[in-house]
Amino acid sequence: MRERSRAWRARGERIGLVPTMGNLHGGHLELVDRLAGEVDRLVVSIFVNPLQFGPDEDYDSYPRTLEADLAALEERGVAAAFAPTAREMYPGAEPPRTGIDVPALTGTLCGASRPGHFAGVAVVVVKLLNIIEPDVAIFGRKDYQQLQVVRRVVHDLDLPVAIRDGPVVREADGLALSSRNSYLAPEQRRRAPALYAALCELAAALRDGRRDLAALEAQGRERLLAAGFDAVDYVAVRRCEDLAEPRGDEACLVCLGAAYLGSARLIDNVEVALHV
Ligand code: PAF
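It should be emphasised that the depicted structure is a prediction, and the values quoted were computed from it without experimental measurement. (Residues numbered from 1 in each chain as written. Predicted model: local features only at pLDDT ≥ 70, side-chain atom pairs only at ≥ 80, totals over all residues. Heavy atoms only, no water.)

**Here's the deal with the environment of Pro 50**
Tracing the backbone shows Pro 50 in the loop between strand 2 (41-46) and helix 3 (66-75). Once the C-alpha coordinates of Pro 50 and Asp 101 are considered, the two residues, 51 residues apart in sequence, prove to be 17 Å apart. For Pro 50, the residues in contact, after removing those within four places along its chain, are Tyr 59, Ala 86 and Tyr 90. (Helix = DSSP H or I, 4+ residues; strand = E, 2+ residues; numbered from the N terminus. Contact = heavy atoms within 4.5 Å.)

The following block contains the structure:
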């Protein structure tokens, strides 16, 4: 892969990367389309990264649809799909011993309930960047915290790549596209848009000037349970720039939520721009 991308670079071509875990949906394809216009060669990586799954999580059952993914990418004229095996990415019997920690960002929200998840994401993203050496890489805003972690790692470690972000792509009823939506039974699927609805309600309250965040977050949690979610991991309002607790002077707040319908853990977020 590196030989190929170095050959492109030697010809003066600009290289873009869309990192994915496959099972491509409209959200991924939006990232592909956005970056395609900006580069000469677009690479999409497809790798279900064992390092970012906890022992009781869905690594084994995560949907793998390589044939269909490759067909969709071929249709879009992608220059290469990089789809290594776990053994190729992590040779040897043990997982890599080098870790990447972003303490200010990874102990909270999804990081609090998924210990090691963002460290696993950071390691695989840095490996993919080092293998493919893209000029630019794009990540979806649905994984808001992941995007922040990636930006931080790239900044702090001086990685020579520009990071772009792409929008949350939604179904008509508001549910954010996610590979994990395929875990939902029809009844759960019917309830799932309540996550986005609860975050929109929270965002509207912030736009109206309310700042009783603990009460608003509790209300969001209640709304999800009332809508039939089985458990709520968090509903939280944070600063957009660093996911810290708001101080009252920020220009951008983000409402984030993570909640379970059965075994499916759904996440979503809504940004609120404020006039300060
Ligand atoms: O967002 C994802 O699909 C993954 O976390 C990523 C960025 C491809 C790393 O495995």
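So, next bit.
**Overview of the side chain of Gln 146**
Here Gln 146 is to be found in helix 8 (residues 144-156). Gln 146 gets classed as buried once you look at its relative accessible area, which sits at 16%. The contacts of Gln 146, once residues within four sequence positions are left out, are Phe 118, Val 121 and Phe 139. (Buried < 20%, exposed > 50% of the residue type's maximum accessible area, 1.4 Å probe, protein only.)

**Overview of the packing of aromatic side chains**
The tally for this structure, following the rule as stated, stands at 3 aromatic pairs. Between Phe 53 and Tyr 59, the ring centres sit 5.4 Å apart and the planes meet at 65 degrees, which makes this aromatic pair edge-to-face. Residue classification places Tyr 59 among the partly exposed positions, given a relative accessible area of 25%. Between Phe 53 and Tyr 62 the ring centres are 5.9 Å apart and the planes differ by 75 degrees, which places this aromatic pair in the edge-to-face class. Judged by relative accessible area, which is 9%, Phe 53 ranks as buried. Taking NZ or CZ as reference, Arg 64 lies 4.8 Å from the ring centre of Tyr 59, over its face. The ring centre of Tyr 196 lies 3.5 Å from the NZ or CZ of Arg 170, which sits over that ring. (Phe/Tyr/Trp six-rings, centres within 6.5 Å; stacked < 30°, edge-to-face > 60°. Lys NZ or Arg CZ within 6 Å of the ring centre and 35° of its normal.)

**Some words on the site of the ligand**
Every residue lining the ligand is accounted for by Pro 19, Thr 20, Met 21, Asn 49, Gln 52, Val 124, Phe 139, Asp 143 and Gln 146. A distance of 2.6 Å separates an oxygen atom of the ligand from a polar side-chain atom of Gln 52. Burial of the ligand by the protein chains amounts to 90% of its free accessible area of 290 Å². Looking at the shell around the ligand, its residues break down into 4 nonpolar, 4 polar and 1 charged. (Near = heavy atom within 4 Å. Polar contact = N/O pair within 3.5 Å; in protein donor to acceptor, adjacent residues only side chain to side chain. Areas by Shrake-Rupley, 256 points an atom, 1.4 Å probe, with all protein chains shown as cover. Nonpolar A, V, L, I, M, F, W, Y, C, P; charged D, E, K, R; others polar.)

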